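Examining the three-dimensional arrangement
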Amino acid sequence: SAQEVRPDSGPRAVRFNASCAPDCAPDNTGAAGEVYSSSSGGSKLTGEVVNDFTIEVWLANVCDPKQGLPGQPGFIFSMSDSSGAINWMAGAERNQKYVAQVSTSAGLRTFSVTGADFGGDRPHQLVFVRSGTRHTFYVDGAARPGVDQAGDLSSWNDDLFVHVGNSADRTRPFSGDV
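Described in the following lines is the structure provided in the data block. (Residues numbered from 1 in each chain as written. Predicted model: local features only at pLDDT ≥ 70, side-chain atom pairs only at ≥ 80, totals over all residues. Heavy atoms only, no water.)

**Description of the nonpolar core**
Put simply, the rule is: The nonpolar core is taken to be a set of buried Ala, Val, Leu, Ile, Met, Phe, Trp, Tyr and Cys residues, with the residues joined through side-chain atoms within 4.5 Å. With a 1.4 Å probe rolled over the protein chains alone, any residue whose accessible area is under 20% of its type maximum counts as buried; one over 50% counts as exposed, and the rest are partly exposed. Only runs of H or I of at least four residues qualify as helices and only runs of E of at least two qualify as strands under DSSP, and these elements are numbered from the N terminus. In this analysis, two residues are considered to be in contact whenever any of their non-hydrogen atoms come within 4.5 Å of each other.
Ranked by internal contacts, the top residues of the largest apolar core, which has 26 residues, are Phe-53, Leu-59, Tyr-98, Phe-118, Leu-126 and Phe-128. Where this core is concerned, the elements lending two or more residues are strand 4 (53-59), strand 5 (74-80), strand 6 (86-93), strand 7 (97-104), strand 8 (107-114), strand 9 (124-131) and strand 10 (134-139). Of the residues forming this core, the biggest block, 4 residues, is contributed by strand 4. Not counting residues within four places of it along the chain, the set of residues in contact with Phe-128 comprises Phe-53, Thr-54, Ile-55, Ala-100, Val-102, Phe-111, His-135, Thr-136 and Phe-137.

Structure follows, in C-alpha cells:
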C-alpha cells in the first residue's frame, strides 16, 4: 500500500511514488502504482452535484513525470472506472502542468494550468472550480484565467468509483504527496 506521511504540523499525507527520479522524492518511499478507491459507486456524490462543484487537493513533493505521454496525466484524484469512463479527474502532466477533465453533455473536456511547481516539502493547494459554465484553477489561492465551456453534468455515471493516486486500471500513476 501507499505510505502515510505524518508531517510535524498540518494534515497527514499519502505518498505515491511512481516513475519518479530517485532524487525527486525526499526518501523515495511510497508504493509505485498504488491506488486508493471508494468501496462503492458514487451515486450519493453525483446526486448532490447539480452543475457546480470544486475539486481541492493539497500537494507536496510532486515529481515532474518523466514518463507517460502528453495528454495522459497521472491521476491525482478522480471519479472514473477501468474502462476509461470519467466523470471528473484532477491530474499532473510533464513540465508542471496540472489538468482537470470533466464529462459534460458536450463531451469530455480538458482544462489545464501550467507553471505550478509543487516539488518541495511545503504543501500547495490546487483547486479546480466549475461554476455554471466557468472553469477556473486556483493555485495557492490565486485564480488563474478561467475558461467558459458549455454543457451540463447529465452524462455523469452514478456507478463510477472515487480513486486517489492512480487511474482505476493502475496505468496512470501520480508521484507525490496528497
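**Points about the pairing of strand 13 (residues 161-164)**
Inclusion rule: Strand pairing follows a simple DSSP-based rule, namely that at least 2 bridges must link the two strands.
With 2 bridges joining them, strand 3 (residues 36-37) and strand 13 adopt antiparallel strand pairing. Paired with Ser-37 across the bridge in strand 13 is His-163. With 4 bridges connecting them, strand 5 and strand 13 associate as antiparallel partners. Considered in strand 13, the bridge of Met-79 is made with Val-162.

**Points about the side chain of His-135**
Put simply, the rule reads: Between N or O atoms, a polar contact is any pair within 3.5 Å; within protein, one atom must be a potential hydrogen donor and the other a potential acceptor, and residues adjacent in sequence are included only when both atoms are from side chains.
Here His-135 is to be found in strand 10. The exposure class assigned to His-135 is buried, which follows from its relative accessible area of 2%. One polar contact links His-135 to Arg-130, side chain to side chain, over a distance of 3.0 Å. A polar atom in the side chain of His-135 sits 3.1 Å from the backbone oxygen of Thr-133. Every residue in contact with His-135, bar those within four places of it in the chain, is listed here: Phe-111, Phe-128, Val-129, Arg-130, Gly-146, Val-147 and Gln-149.

Everything listed is a geometric property; what it means functionally is a separate question.
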